[in-house]
Amino acid sequence: MSEGPRTRVFETPAGVALCTIDSLADPGARNFVLQIDEAFFHGFLVRTGESVRGYVDRCPHQGLPLAQKLDGYLTPDARLISCSWHGALFRIEDGACVGGPCTGARLTPWPVKVENGVVRTA
């Protein structure tokens with residue numbers, strides 16, 4: 001029996017513990033896939049200093065995940081988020097596309113917060 005494509009969701013419940021802030025490279029990014037009931041959420045975190053931001057792992061250009069290589073979301077200088085498929089570039093602080101085929105679009109934020117050193121969904 002063949003299974004169909006996995007159902008994706010683009011939001012998560014609040015309060016889910018993801019990782020400790022110390023387990024994230026600084027600067028760095030990490031992929032997360034969460035199962036929510038029968039569906040799956042794909043997102044990633046980006047850490048710069050004590051700041052952690054979350055985004056849905058979906059490029060606004062064609063809806064593909066951004067990274068072709070696990071956790072490969074940042075440019076070599078770690079100053080921007082990049083889509084490895086078509087070269088779109090996004091600011092870390094707000095997900096705004098500043099270059100490439102979707103200039104002016106934005107990544108979808110994934111609300112997260114750091115509490116007592118633990119990154120949680122918000």
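This write-up is about the structure you can find in this document. Every value quoted in this text rests on a predicted model; they were computed, and no experiment measured them. (Residues numbered from 1 in each chain as written. Predicted model: local features only at pLDDT ≥ 70, side-chain atom pairs only at ≥ 80, totals over all residues. Heavy atoms only, no water.)

## Structural notes on the overall build of the protein
Point 1. A count of helices and strands for the protein gives zero helices and 10 strands.
Point 2. Secondary structure of the protein in N-to-C order comes out as β-β-β-β-β-β-β-β-β-β.
Point 3. Against the compact-globule benchmark of 14 Å for 122 residues, the protein has a radius of gyration of 14 Å, which places it among compact chains.
Point 4. Overall size of the protein, expressed as C-alpha extent along the three principal axes, is 45 × 40 × 25 Å.
Point 5. By residue count, 38% of the 122 residues in the protein fall in the buried class.
Point 6. In the protein, of all internal contacts separated by at least 6 residues, the share reaching a separation of at least 24 is 48%.
Point 7. For the protein, the computed accessible surface area is about 6900 Å², with 50% contributed by carbon and sulfur atoms.
Point 8. Averaging the positions of the 12 positive and the 13 negative side-chain charges in the protein gives two centres separated by 4 Å. (Helix = DSSP H or I, 4+ residues; strand = E, 2+ residues; numbered from the N terminus. Rg over C-alpha atoms; globule rule 2.2 N^0.38 Å. Buried < 20%, exposed > 50% of the residue type's maximum accessible area, 1.4 Å probe, protein only. Contact = heavy atoms within 4.5 Å. Areas by Shrake-Rupley, 256 points an atom, 1.4 Å probe, with all protein chains shown as cover. Lys, Arg positive; Asp, Glu negative; His and termini not counted. Charge placed at Lys NZ, Arg CZ, Asp CG, Glu CD.)

## Some remarks on the sheet that holds strand E2 (residues 17-20)
Point 1. What the three strands build is an open sheet, ordered E2-E10-E9; its pairing is antiparallel. Either end of the sheet is taken by a strand with one partner, and the two such strands are E2 and strand E9 (112-115). Each strand of the sheet is rotated relative to its neighbour by a mean of 30°, with strand direction disregarded.
Point 2. In the sheet, E9 pairs with strand E10 (residues 118-121) via four bridges, with the strands oriented antiparallel. The residue of E10 that forms the bridge with Val112 is Thr121. (Pairing = 2+ DSSP bridges. Axes fitted to C-alpha atoms, helices over the stretch in contact; angles between N-to-C directions.)

Any functional reading would require information beyond the geometric quantities listed.
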